[in-house]
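Secondary and tertiary structure notes
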Amino acid sequence: MRRAAVLGRPVAHSLSPVLHSAAYAALGLDDWTYGRHDVGEADLVGFLASLDSTWAGLSLTMPLKRVALDLADHAEPLARAVGAANTLLLGPAGRTAVNTDVHGIVAAFREAQVTAATTGAVLGGGATAASALAALGQLGVRAPVVLVRSVPRAGHLLPLGRRMGLEVGLRRLSAAPAVVAACDVVVSTLPAGTDGLEQALDQVGGALLDVRYDCRPGPLSVAWCRAGGQAVGGERMLLHQAAEQVRLMTGHPAPLAAMDHALTAALAAADPTAR
């Protein structure tokens, strides 16, 4: 038997078991199982110590993405640069920290035919903002702007950006309508509420990825499309980051179509009114 699971707190809402289990079924990996465990920062050391050799990997949600780097024996350069890992690969060489969130954002944009950009912005300065910056860098944006409610609290993103070869600019969220109007790509990492941004949008021409997928389409995505832009659902990032985890943990190419079908069904069941 081979095991994997998603850890976090809270974790009951996670759709990772749906995605990974669908992948195992499509790949014929009948001896693989994927679970869900409520684990906080203080619990992670003990949980890792309890694992045996049947474990192949872990998916990590908040609040574990940063502490996982400290508990890993190895870390991929991207995870180190971003300062967050959403994946721990478990094997004979120990624990390897990996970030597949960046892959998920880039793949979601590319799926929507957005393959390159020169200007971009990130809404919000939370944990996902660093991964969003790295993704914009991979798309070609060298000087992304981060729009936040409190500029001083987001100061840590400046040196982080420099580690990734980016010149990050910080602006207040109130400046977002003017900033995003000139951007090729925008990633919203705002957990809920946009300080009235959706009402202030006048004209946009780029693509927006809203990482939230609990409301589809969200108010910001609706307003973005109404203003002339293209919106990419956060569930596309969720799908592609999980697909990369499947590839890394199992060694098999992820069965994207099967995972996509399972995700669509799960989201429809959770919100049958979603368009």
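Our structure's up above, just so we're on the same page.
An account of the accompanying structure is given in this report. (Residues numbered from 1 in each chain as written. Predicted model: local features only at pLDDT ≥ 70, side-chain atom pairs only at ≥ 80, totals over all residues. Heavy atoms only, no water.)

Side note on the pattern of salt bridges
Tallied over the full model, the rule gives six salt bridges. With its nearest N and O atoms 2.8 Å apart, the salt bridge here joins Arg9 to Asp43. On the criterion of sequence distance, the pair formed by Arg9 in the loop between β1 (2–8) and α1 (16–27) and Asp43 in the loop between β2 (32–38) and α2 (44–49) is long-range, its members being 34 residues apart. For Arg9, a relative accessible area of 41% translates into the label partly exposed. Ionic pairing is found between Arg236 and Asp260, a salt bridge with its closest N-O pair at 3.0 Å. With Arg236 in helix α11 (residues 234–250) and Asp260 in helix α12 (residues 256–270), this residue pair connects regions lying 24 residues apart in the sequence. For Asp260, a relative accessible area of 22% gives the class partly exposed. (Salt bridge = Lys/Arg side-chain N within 4 Å of Asp/Glu carboxyl O. Helix = DSSP H or I, 4+ residues; strand = E, 2+ residues; numbered from the N terminus. Buried < 20%, exposed > 50% of the residue type's maximum accessible area, 1.4 Å probe, protein only.)

Notes on the pairing of strand β3 (residues 55–60)
Among the six residues in β3, six count as buried, and that is most of the element. Bridge count for β1 against β3 is five bridges, and the pairing is parallel. Looking at β3, one finds that Leu7 is bridged to Leu60. The pairing of β3 with strand β5 (residues 87–91) spans three bridges and is antiparallel. The residue of β5 that forms the bridge with Ser59 is Thr87. (Pairing = 2+ DSSP bridges.)

Things to note about the sheet that holds strand β11 (residues 207–210)
With parallel pairing, the six strands of this open sheet are ordered in space as β9-β8-β7-β10-β11-β12. With partners counted over all chains shown, the strands left at the sheet margins are β9 (169–172) and β12 (230–233), one partner each. Neighbour-to-neighbour, the strand axes of the sheet open up by a mean angle of 20 degrees, direction not taken into account. Sheet topology places strand β8 (residues 145–148) next to β9; four bridges connect them, and they run parallel. Bridging across to β9, Val148 finds its partner in Arg172. Lying on the sheet, helix α6 (residues 127–139) is in contact with β7 (120–123), β8 and β10 (185–188); it crosses β7 at an angle near 170 degrees. (Axes fitted to C-alpha atoms, helices over the stretch in contact; angles between N-to-C directions. Contact = heavy atoms within 4.5 Å.)

Concerning the sheet that holds strand β4 (residues 74–75)
In spatial order, the strands read β2-β1-β3-β5-β6-β4; together these six strands make up an open sheet with mixed pairing. Strand pairing shows two members of the sheet lacking a second neighbour, β2 and β4, which therefore form its edges. Across the sheet, α1 is in contact with β1, β2 and β3; its angle to β2 comes to roughly 170 degrees. Where α11 meets the sheet, it contacts β1, β2, β3, β5 and β6 (94–98), and its direction lies at approximately 160 degrees from that of β3.

As for unusual backbone geometry
Cis geometry marks the peptide bond from Arg9 to Pro10, where omega comes out at 5 degrees. For Pro10, the location among the structural elements is in the loop between β1 and α1. The omega torsion of the bond from Met62 to Pro63 falls at 10 degrees, within 30 degrees of zero and hence cis. Looking at the element boundaries, Pro63 is found in the loop between β3 and α3 (67–71).

A word on the packing of aromatic side chains
Throughout the structure, instances matching the rule amount to three aromatic pairs. For the ring pair Tyr24 and Trp32, a centre distance of 5.4 Å and an interplane angle of 55 degrees mean the geometry is tilted. Each residue in the set Tyr24, Trp32 and Tyr34 is aromatic and connected to the rest through ring pairs, giving one cluster. (Phe/Tyr/Trp six-rings, centres within 6.5 Å; stacked < 30°, edge-to-face > 60°.)

Quick notes on the side chain of Gln245
Turning to its location among the elements, Gln245 is positioned in helix α11. Apart from the residues lying within four places of it in its own chain, the contact partners of Gln245 are His20, Ser59, Asn86, Thr87 and Thr100.

Brief notes about the packing of α11 against α12
Across the interface, α11 lies against α12 with an axial gap of 10 Å and an inter-helix angle of 135 degrees. Considering the angle they form, α11 stands oblique to α12. Every pair of crossing elements has a handedness; the one defined by α11 and α12 is right-handed. Contacts from Glu235, Arg236, Leu238, Leu239, His240, Ala242, Ala243 and Val246 in α11 reach Leu256, Met259, Asp260, Leu263 and Leu267 in α12. In terms of residue class, the contact of α11 with α12 is made up of nine nonpolar, one polar and three charged. (Parallel < 35°, antiparallel > 145°, perpendicular 65-115°, else oblique. Left-handed = near helix turned anticlockwise from the far one by under 90°. Nonpolar A, V, L, I, M, F, W, Y, C, P; charged D, E, K, R; others polar.)

As for the nonpolar core
Ranked by internal contacts, the top residues of the largest apolar core, which has 37 residues, are Ile105, Phe109, Leu133, Val146, Met164 and Val185. Those elements giving two or more residues to this core turn out to be α4 (77–82), α5 (101–111), α6, β8, α7 (157–163), β10 and β11. The biggest single contributor to this core is α6, with eight residues. Sequence-distant contacts of Met164, defined by excluding residues within four places in its chain, comprise Ala81, Val82, Ala130, Leu133, Ala134 and Arg142. Counting residues in hydrophobic clusters, the runner-up holds 21 residues, among them Val39, Phe47, Leu51 and Ala97. (Core = buried A, V, L, I, M, F, W, Y, C linked by side-chain atoms within 4.5 Å.)

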